[in-house]
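Structural overview
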Amino acid sequence: MFARLLLPRILPSHKLSSCPQGLPASLVRSSAYVGGSWLRSSDSASFPVLDPATGAELLQVDDCGPRECREALKAAAAAFQTWREVPAKERSALLRKWYELMIQNKEDLAKIITAENGKPMKEAVGEIVYAANFLEWFSEEARRIYGDVLSVPMKDRRALVLKQPVGVVTIITPWNFPSAMITRKVGAALAAGCTVIVKPAEDTPLSALALAELAHQAGIPAGVYNVVPCSREKAPAVGKALCTDPLVAKISFTGSTATGKILLRYAADSVKRVSMELGGHAPFIVFDSANVDQAVAGALASKFRNSGQTCVCTNKFLVQEGIHDIFVQKLSELIKKELHVGNGFEEGVTQGPLINEKAVQKVEQHVGDAVSQGARIETGGKRHDLGKNFYEPTLLSNVTTNMLCIQEETFGPLAPVIKFNTEEEAVAIANSANVGLAGYFYSQDPAQIWRVAERLEVGMVGVNEGLISAVECPFGGVKQSGLGREGSKYGIDEYLDIKYVCFGGL
Ligand code: NAP
């Protein structure tokens, strides 16, 4: 019955009059999506979305501000009153439909990612499938939100635990996974009965808006999924509007630790719930007992996916003395053989551009600092001839803990290697960071595997494995890498409140 009441308005088509060449006009949108309608920014302001490979402008997207945020908040709050009552089975069916549409449109959605983010098409298709899988997973979890019946010492009472949706959720996401960072949160939130407002990154709003088009086609009711794109200039004002409003019950953020701290302060003022998926500094330890070929293959996958721009990318390699030289030699050979830099739309390219020139400058700064302090360039070490946003996949040896690349997250295609002697030394270096998202190590010694897996101060550990993300597994960090978990059976709890109900006089 509720589903019938919630049928979305039939909207006029909002196809662009001209779509950038090669991009699917059926999915490319340039306005905010609020209350089931495409909403223009009130002051007609817009910002450009750029192709990081060429620097060319793809199109102008509406630059929203606090006024559009308020509209989105009102729409989400109104929709929450009905969406929360929709039977879980119906919410599940709508999420499933959305998932199916993503899979049907995966090539087109991937083109949008490659155009605005730069990652190679093969990786972009992989991201779309990963992103869609979160909708599928949470469509299944929606039907498995269980309460409890508790036994209490009083004979005339019974105690129940109910799980209820927290309410309206503000979702702020980064550019490095323009689709998956949204569905990982939105799938769980909608399954729980929450409604959302998404603020995507300035660099990658088109993926969030394409998801809105498909949500609409799937029949997700008006106001349940809203998107408010904005420029980097307006992000602080939009962030404040979306994170301080009394209508918002929860803030779910993925991005840098620095921005996370700003949003946590907003949350503190009105005691909102939070999920924070923040920065990392993943160690990758190779012990003498490791299978060196496995370790080298894992290193390549863990370091260079998305040109090194993932939060779980290895940031520092720690390699034991006995295996060090052969590991460095083989990794250097594999980088030269397997990694091909270029435009993500070209066949065979494995390394696209970095997101912008600022990102390239940071890699340059880290390499320059390391080399000036004695690091040796094994391969790469400079900008790529292809253009200002391209950097060569780089391997540095003779790296020490005082170098910038070991102190800060590089977020680029730089693999620095530190040589170590003992397990204690490696674990101490790995744990010296104030963040703890992912960590990896290679060893064939079972006792060492248990010891190190337990001692690493991170939320996720890859043992003899460099790629560990899966929708079934809990994603999240410890220390300043954040609060809460996404995906898995635990992810939905982030969007549920526990209510205790005491039945007396029985
Ligand atoms: P960022 O600068 O923190 O941006 C992330 C998002 O926050 C963007 O939408 C950004 O908008 C927005 N934002 C920035 N300042 C804001 C403010 N004052 N108020 C509200 N919103 C604001 O992070 P990034 O550099 O784009 O992303 C890379 C970082 O994300 C890395 O540290 C990486 O490790 C982390 N990350 C973590 C995970 C995880 O699951 N733990 C996953 C992916 C990435 P604009 O784009 O308009 O600036």
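Structure's up top.
The sections below set out a description of the structure shown in this document. Given the structure is predicted, the values throughout are model-derived calculations rather than measurements.

**Some remarks on the site of the ligand**
The environment of the ligand is made up of 30 residues, and the closest members are Thr-173, Ser-256, Thr-259, Leu-278 and Glu-409. One of the side-chain nitrogen or oxygen atoms of Lys-199 is found 3.1 Å away from an oxygen atom of the ligand. Interatomic distance of 3.4 Å between a backbone N/O atom of Glu-277 and a nitrogen atom of the ligand. Elements that contribute at least two residues to the shell around the ligand include exactly helix H6 (180-192), helix H8 (235-244), strand E10 (248-254) and helix H9 (257-270). Looking at which element gives the most residues to the shell around the ligand, the answer is H8, with three residues. Counted by class, the shell around the ligand contains 15 nonpolar, nine polar and six charged residues.

**Looking at unusual backbone geometry**
The phi dihedral of Asn-398 is positive, around 60°, even though this residue is not glycine. Considering the arrangement of structural elements, one finds Asn-398 in the loop between strand E15 (394-397) and helix H13 (404-407). Even without a glycine there, the phi angle at Lys-479 is positive, about 50°. Relative to the helices and strands, Lys-479 is located in strand E20 (residues 478-479). Here Lys-479 falls in the partly exposed class, since its relative accessible area comes to 36%.

**Things to note about empty space enclosed by the protein**
Applying the stated rule across the entire model yields three cavities of 30 Å³ or more. Of the voids in this model, the largest cavity is the one considered here, and its volume is about 70 Å³. If you trace the largest cavity, you find it lined by Tyr-130, Phe-177, Met-181, Arg-184, Arg-305, Thr-310, Cys-311, Val-312, Ser-469 and Phe-475. By volume, the second largest cavity is sized at about 60 Å³. In this structure, the second largest cavity is lined by 13 residues; those nearest its centre are Ala-430, Val-435, Gly-436, Glu-457 and Val-458. Going through the elements one at a time, strand E12 (282-286) and strand E17 (435-436) are the ones with two or more residues in the lining of the second largest cavity.

**A word on the environment of Gly-193**
Counting through the fold element by element, Gly-193 comes out in the loop between H6 and strand E8 (195-199). Owing to a relative accessible area of 0%, Gly-193 belongs among the buried residues under this scheme. Once the C-alpha coordinates of Gly-193 and Ala-78 are considered, the two residues, 115 residues apart in sequence, prove to be 13 Å apart. Among residues more than four places away in sequence, those in contact with Gly-193 are Phe-80, Trp-83, Arg-84, Arg-91 and Pro-165.

**Concerning the packing of aromatic side chains**
Counted according to the given criterion, the structure contains ten aromatic pairs. With 4.8 Å between their ring centres and 50° between their planes, Tyr-33 and Trp-38 make a pair best called tilted. An identical accessibility class is assigned to Tyr-33 and Trp-38; each is buried. Relative to Phe-411, the ring of Trp-175 lies with its centre 5.7 Å away and its plane at 85°, an arrangement referred to as edge-to-face. Taken together, the residues Trp-175 in the loop between strand E7 (168-172) and H6 and Phe-411 in the loop between H13 and strand E16 (414-420) connect sequence positions 236 residues apart. Linked through ring pairs, Phe-284, Phe-317, Phe-327, Tyr-440 and Tyr-442 together constitute an aromatic cluster.

**Thoughts on the side chain of Ser-139**
Along the chain, Ser-139 falls in helix H5 (residues 121-141). The buried category is assigned to Ser-139, whose relative accessible area is 2%. Residues contacting Ser-139, with those up to four places away along its chain left out, are Ser-92, Leu-95 and Arg-96.

**Re the environment of Pro-174**
Mapping Pro-174 onto the fold places it in the loop between E7 and H6. Spatially, the C-alpha atoms of Pro-174 and Thr-204 are 8.1 Å apart, while their sequence positions differ by 30 residues. Those residues in contact with Pro-174 that sit more than four places away from it in its chain are Met-181, Ala-201, Thr-204, Thr-254 and Gly-255.

**Examining helix H10 (residues 292-304)**
Across its 13 residues, H10 extends 18 Å between first and last C-alpha, which sits within 8% of the 18 Å expected from 1.5 Å per residue. Inspection of H10 places Val-292, Ala-295, Val-296, Gly-298, Ala-299, Leu-300, Ser-302, Lys-303 and Phe-304 among the buried residues, and these make up the whole buried set. Elements that come into contact with the buried residues of H10 comprise E12, strand E13 (314-320), helix H11 (321-338), E15, E16 and strand E18 (438-442). N-cap assignment for H10: the residue whose side-chain oxygen lies 3.0 Å from the backbone N of Asp-293 is Asn-291. Downstream of H10 by one or two residues, Asn-306 has phi in the positive range, about 55°.

**Observations regarding the pairing of E7**
Here E7 lies mainly inside the structure; five of its five residues are buried. Here five bridges tie E7 to E8, and the two strands are oriented parallel to one another. Its bridge partner lying in E8, Val-168 is registered against Thr-195. A crossover links E7 with its parallel partner E8, the connecting element being H6, and its sense is right-handed.

**Things to note about the sheet that holds E15**
Overall, mixed pairing links the seven strands, which are arranged E14-E15-E16-E13-E12-E18-E19 in an open sheet. Of all the strands in the sheet, the pair left with one neighbour each is strand E14 (376-379) and strand E19 (460-463). Across the sheet, the axes of successive neighbouring strands diverge by a mean angle of 25°, strand direction being ignored. Along the sheet, H11 makes contact with E12, E13, E14, E15 and E16, crossing E13 at roughly 135°.

Thresholds applied
- Residues numbered from 1 in each chain as written.
- Predicted model: local features only at pLDDT ≥ 70, side-chain atom pairs only at ≥ 80, totals over all residues.
- Heavy atoms only, no water.
- Near = heavy atom within 4 Å.
- Polar contact = N/O pair within 3.5 Å; in protein donor to acceptor, adjacent residues only side chain to side chain.
- Helix = DSSP H or I, 4+ residues; strand = E, 2+ residues; numbered from the N terminus.
- Nonpolar A, V, L, I, M, F, W, Y, C, P; charged D, E, K, R; others polar.
- Buried < 20%, exposed > 50% of the residue type's maximum accessible area, 1.4 Å probe, protein only.
- 1 Å grid on protein atoms, 1.4 Å probe; cavity = no way out; pocket = protein on both sides within 12 Å on 5 of 7 lines; lining within 4 Å.
- Points joined across faces, edges and corners; volume = space filled by probe spheres on them.
- Contact = heavy atoms within 4.5 Å.
- Phe/Tyr/Trp six-rings, centres within 6.5 Å; stacked < 30°, edge-to-face > 60°.
- Expected span 1.5 Å × (residues − 1).
- Pairing = 2+ DSSP bridges.
- Right-handed = clockwise from strand over helix to strand, strands pointing away.
- Axes fitted to C-alpha atoms, helices over the stretch in contact; angles between N-to-C directions.

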